[in-house]
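Residues per chain are reported as follows:
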Amino acid sequence: MFTFHSIQDYHQALSEKVCTCEDAVRHYLDRIEAGRHLNAYVQVYGEEALERARALDAKRRAGEKPGRLHGVVIGLKDVIAYKDHPLTAASRILKDFTSIYNATAVDKLIREDAILIGHLNCDEFAMGSTNENSAYGKVLNARDLNRVPGGSSGGSAVAVQAGLCMVSLGSDTGGSVRQPADFCGILGLKPTYGRVSRYGLIAYASSFDQIGIFGRTTPDVARVLDVIAGEDDFDSTVAKGRSATFPDLTGEPDKKYRIAYFKEALTHPGLDPEIRDTLLDCLEGLRNEGHTVEAVDFDLLDYIVPAYYVLTTAEASSNLARFDGVKYGYRTQDPDLELTEFYKRTRSEGFGTEVKRRILLGTFVLSAGYYDAYFTKAQQVRKMLVDRTDLIFKDFDIIVLPTSPTTAFPIGEKMDDPIAMYLADIYTVYANLVGIPGISIPLFTHTNGMPFGMQAMTSRFKELPLLQFSHLIMQQYKSYENPTLCD
Ligand code: GLN
């Protein structure tokens, strides 16, 4: 029987001829079939994946040098373009759309011999925190089928949690990789803004969006990051000259980190007391091991969520203007409409409720008379957050926060209350506002049986220490023998 622990172990097994890439793909296709009820995949490219696996097996046998992701079975969130494959952002407005090019990240995966097995469910246009806003229906948390998996990259998280692929890609604009990772008991990394090309990622809020990685081990996440990171002529926001090689995560096992946490974040009334106490215990443990752990004042906490929702909806209202029924995607059926009515009808029918809410909100905050009160103000908050963050990283290596104020909640619980849903993003949107990398590290299990993690962040382009720290703490908490995974 095929089992997966890490990419390194898998590669060892391939070289010892214990298994083949074809065995791996067959295993995942069986698992995907058995996990249909989870609704994680919206497309499965089974035949193609098998064919590619056989080609890779032949290549290996012929003695050709294997790529860094040789035979690694990967799922893609349905906002990442894969040439000649459907791409819909889980929206009716992109029904039957097929991508005509590869995202740069996808090109890079393929170049390193990865096997792309399918597209994964998500909230429509990556807007949401539960994966309930999808044209394909909700995704279930494999740990408890009555609970949400988080979102917006819910399918990507569940695919790794339930063993339906080895690693997956998602996108993170305000927490959509870290929060579902937290709810599902796996690792979720949002890289620095500008680390990974956004070319071929369907835009939600372009100054926040970043492709992120779900995995079970830090070395796996590091390896995928190493492959997909780096400059790209198609995306001028990718930083130049930042080499991203993450060779050895055990590099500095004795390093003592300077760790900050925000006092206001851990005393926040919305935070589950058990999550708070567990994190404080964990920080105390780190202190006892000789790391510096200090609470810092962070009086800007209450401004984070409003600033995020003003700026991202503004960007979204502009980005989503291209979906008009003329160029591609869904088009309203009535042939006799005049043009404005045609646009209105197409967009009213094509977009779901949450996406429409955000387009309206974004259009409002950008409109004459309100622009300064909302958009300009939110930009000022963003600047203050960046300045404050720079100051904190003068004295500290890492900022620790909860990933989410609660564990995965029951399906439907927050669907009628968008404000409550938005407020639950309080701990994740910060990293996107300031562009720093963040990771949710699976460490704990709540007495309600659900997993939860710790969120760690470093300054821009410091993914290596972030992953080294994550590796260290996962080893301490024995997360690699993770009981929350559902194989
Ligand atoms: N939950 C947040 C939102 O709805 C984050 C989404 C994301 O990161 N794509 O905007």
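Before reading further, recall that the structure is shown in the block above.
In this numbering scheme, every chain counts its residues from 1 along its sequence in written order. For this predicted model, a pLDDT threshold of at least 70 governs which residues receive local features, and a threshold of 80 or more governs which side-chain atom pairs are given and counted, while totals over whole chains, interfaces and linings are taken from all residues. To get the side-chain values, take all heavy atoms of the structure and skip hydrogens and water.

S.K.: Would you mind going over the overall build of the chain with me for this structure?
M.R.: Numbered from the N terminus, helices here are DSSP runs of H or I no shorter than four residues, and strands are runs of E no shorter than two. A count of helical and extended segments in the chain gives 16 helices and eleven strands. Taking 23 Å as the expected radius of gyration for a compact globule of 487 residues, we find that the chain reaches 22 Å, a close match to that expectation. For the chain, the spread of C-alpha atoms along the principal axes amounts to about 65 × 55 × 45 Å. Any two residues whose heavy atoms approach within 4.5 Å at even a single point are treated as in contact. Here the contacts in the chain between residues at least 6 apart in sequence split such that 76% fall between residues at least 24 apart. Only the protein chains shown count as covering a residue, and every accessible area follows the Shrake-Rupley method with a 1.4 Å probe. In the structure as shown, the chain presents an accessible area of about 19100 Å², 51% of it carried by carbon and sulfur atoms. The sign given to each residue is positive for Lys and Arg and negative for Asp and Glu; His and the chain ends receive no count. To locate a charge, the coordinates of NZ of Lys, CZ of Arg, CG of Asp or CD of Glu are taken. For the chain, the separation between the mean place of its 52 positive charges and that of its 64 negative charges on side chains is 3 Å. The globule rule used here is 2.2 Å times the number of residues to the 0.38 power, and the radius of gyration it is set against is calculated over C-alpha atoms.

S.K.: What am I meant to see in the environment of Gly-163 here?
M.R.: Topologically, Gly-163 is positioned in the loop between helix 5 (154-161) and strand 4 (167-171). Burial here depends on accessible area, computed with a 1.4 Å probe over protein chains only, as a share of the maximum for the residue type. Under 20% is buried, over 50% is exposed, and the range in between is partly exposed. Residue Gly-163 is classed as buried on the basis of its relative accessible area, which comes to 5%. With 158 residues separating them along the chain, Gly-163 and Ala-321 place their C-alpha atoms 37 Å apart. Aside from chain neighbours lying at most four places away, what touches Gly-163 is Tyr-28, Arg-31, Val-158, Arg-216 and Asp-487.

S.K.: Would you mind showing me how to read the nonpolar core here?
M.R.: Soluble globular proteins tend to pack their nonpolar side chains together in the buried interior. Think of a nonpolar core as a cluster: buried Ala, Val, Leu, Ile, Met, Phe, Trp, Tyr and Cys residues, connected wherever their side-chain atoms sit within 4.5 Å. Of all hydrophobic cores here, the largest spans 157 residues; its most connected members are Leu-109 and Phe-125. Broken down by element, the residue count for this core peaks at ten residues, all from helix 10 (residues 301-319). Setting aside chain neighbours within four positions, we find Leu-109 in contact with Leu-69, Ile-74, Leu-76, Ala-114, Leu-116, Leu-169, Val-224, Val-227 and Ile-228.

S.K.: I'm lost on the pattern of salt bridges in this one. Help?
M.R.: Oppositely charged side chains may form a pair once their charged atoms are brought near each other. Each reported salt bridge corresponds to a side-chain nitrogen of Lys or Arg within 4 Å of a carboxyl oxygen of Asp or Glu. The tally for this structure, following the rule as stated, stands at 25 salt bridges. Close ionic contact of Glu-22 with Arg-26 constitutes a salt bridge, the shortest N to O distance being 2.8 Å. Separated by four residues within a single helix, Glu-22 and Arg-26 lie in helix 2 (residues 21-34), roughly one turn from each other. A salt bridge links Arg-287 to Glu-284, with the shortest nitrogen-to-oxygen separation between them at 2.5 Å. Note that Arg-287 and Glu-284 are positioned in helix 9 (residues 273-288) at a spacing of three residues, about one turn of the helix. Look at Arg-287 and you get partly exposed, because its relative accessible area is 34%.

S.K.: I would appreciate a short explanation of unusual backbone geometry in the present structure.
M.R.: Keep in mind that most residues, glycine aside, have a negative phi and that most peptide bonds are trans. With an omega of 5°, the peptide bond between Gly-151 and Ser-152 qualifies as cis. Mapped onto the elements, Ser-152 comes out in the loop between strand 3 (115-120) and helix 5. Of note, the phi angle at Asn-131 is positive, near 65°, even though the residue is not glycine. Topologically, Asn-131 is positioned in the loop between strand 3 and helix 5. Backbone geometry at Phe-461 places phi at a positive 65°, although glycine is not the residue there. Following the sequence through the fold, Phe-461 ends up in the loop between strand 11 (451-457) and helix 16 (463-476).

S.K.: How should I be thinking about helix 7 (residues 218-228) in this particular structure?
M.R.: Two residues of an α-helix separated by three or four positions point the same way, owing to the 3.6 residues in each turn. Among the eleven residues of helix 7, nine are classified as buried, and the element is accordingly described as predominantly covered. Here helix 7 has its buried residues at Thr-218, Asp-220, Val-221, Ala-222, Val-224, Leu-225, Asp-226, Val-227 and Ile-228. Following helix 7 by one or two positions, Gly-230 adopts a phi angle in the positive range, close to 115°.

S.K.: Looking at this structure, I do not really get the site of the ligand. What am I missing?
M.R.: Here, proximity means that at least one heavy atom of the residue falls within 4 Å of the molecule or strand. Around the ligand lies a shell of 15 residues, among which Ala-126, Gly-174, Ser-176, Tyr-204 and Tyr-308 are the nearest. Take Ser-176: an N or O atom from its side chain is 2.6 Å from an oxygen atom of the ligand. A total of 290 Å² of accessible area belongs to the ligand in isolation, and the protein chains cover 99% of it. Amino acid classes used here: Ala, Val, Leu, Ile, Met, Phe, Trp, Tyr, Cys and Pro are nonpolar; Asp, Glu, Lys and Arg are charged; the rest, including Gly, are polar. Of the residues belonging to the shell around the ligand, the class tally is five nonpolar, seven polar and three charged. Counted as a polar contact is a pair of N or O atoms within 3.5 Å, where, for protein atoms, one must be capable of donating a hydrogen and the other of accepting one, and residues adjacent in sequence contribute only when both atoms are in side chains.

S.K.: Help me understand the state of the cysteines in this model?
M.R.: By definition, a disulfide is the covalent link that joins the sulfur atoms of two cysteine residues. Note on terminology: pairs of cysteine sulfur atoms within 2.5 Å are recorded as disulfides. With the rule as written, the count across this model stands at zero disulfides. Among the cysteines around Cys-21, which has no disulfide bond, Cys-19 carries the closest sulfur, lying 7.4 Å off. Under the relative-accessibility criterion, Cys-21 is labelled buried at 0%. With no disulfide of its own, Cys-486 has Cys-184 as its nearest cysteine by sulfur position, at a separation of 8.3 Å.

S.K.: Any chance you could explain the sheet that holds strand 8 (residues 292-296) here in plain terms?
M.R.: Think of a sheet as strands paired side by side through backbone hydrogen bonds, with each pair either parallel or antiparallel. Strands are treated as partners if at least two bridges between them are detected by DSSP. Ordered by their spatial adjacency, eleven strands build an open sheet running 1-3-2-4-6-5-10-11-9-7-8, and the pairing between neighbours is mixed. The two strands at the open ends of the sheet, each matched to only one other strand, are strand 1 (41-44) and strand 8. Pairwise comparison of adjacent strand axes, ignoring direction, gives a mean angle of 25° for this sheet. Bridging between strand 7 (residues 258-262) and strand 8 involves five bridges; their strand directions are parallel. The residue of strand 8 that forms the bridge with Tyr-261 is Ala-295. Running at roughly 165° to strand 4, helix 5 makes contact with strand 1, strand 2 (73-77), strand 3, strand 4 and strand 6 (211-215) of the sheet. Under this scheme, a helix contributes an axis fitted over its contacting stretch, all axes are lines through C-alpha atoms, and angles between N-to-C directions fall in the 0 to 180 degree range.

S.K.: How do you make sense of the packing of aromatic side chains when you look at a structure like this?
M.R.: Each aromatic ring pair is characterised by the separation of its centres together with the angle its planes make. Note on aromatic pairs: the rings of Phe, Tyr and Trp (six-membered ring only in Trp) are paired at centre separations within 6.5 Å, and the planes decide the class, stacked below 30 degrees, edge-to-face beyond 60, tilted for the rest. Inspection of every chain in the model, using the stated rule, returns 25 aromatic pairs. Aromatic pair Tyr-101 and Tyr-199: ring centres 5.0 Å apart, planes at 25°, arrangement stacked. Taken as a pair, Tyr-101 in the loop between strand 2 and helix 4 (104-111) and Tyr-199 in the loop between strand 5 (187-190) and strand 6 lie far apart in primary sequence, 98 residues in all. The partly exposed category is assigned to Tyr-101, whose relative accessible area is 34%. A network of ring pairs unites the aromatic residues Phe-97, Phe-125, Phe-323, Tyr-328 and Phe-351 as a single cluster. The lysine or arginine in question, Arg-382, covers the ring of Phe-208, its NZ or CZ lying 4.0 Å from the ring centre. Over a ring means this: the NZ of a Lys or the CZ of an Arg is within 6 Å of the ring centre and within 35 degrees of the ring normal.

As far as function goes, none of this settles anything; it's purely spatial.
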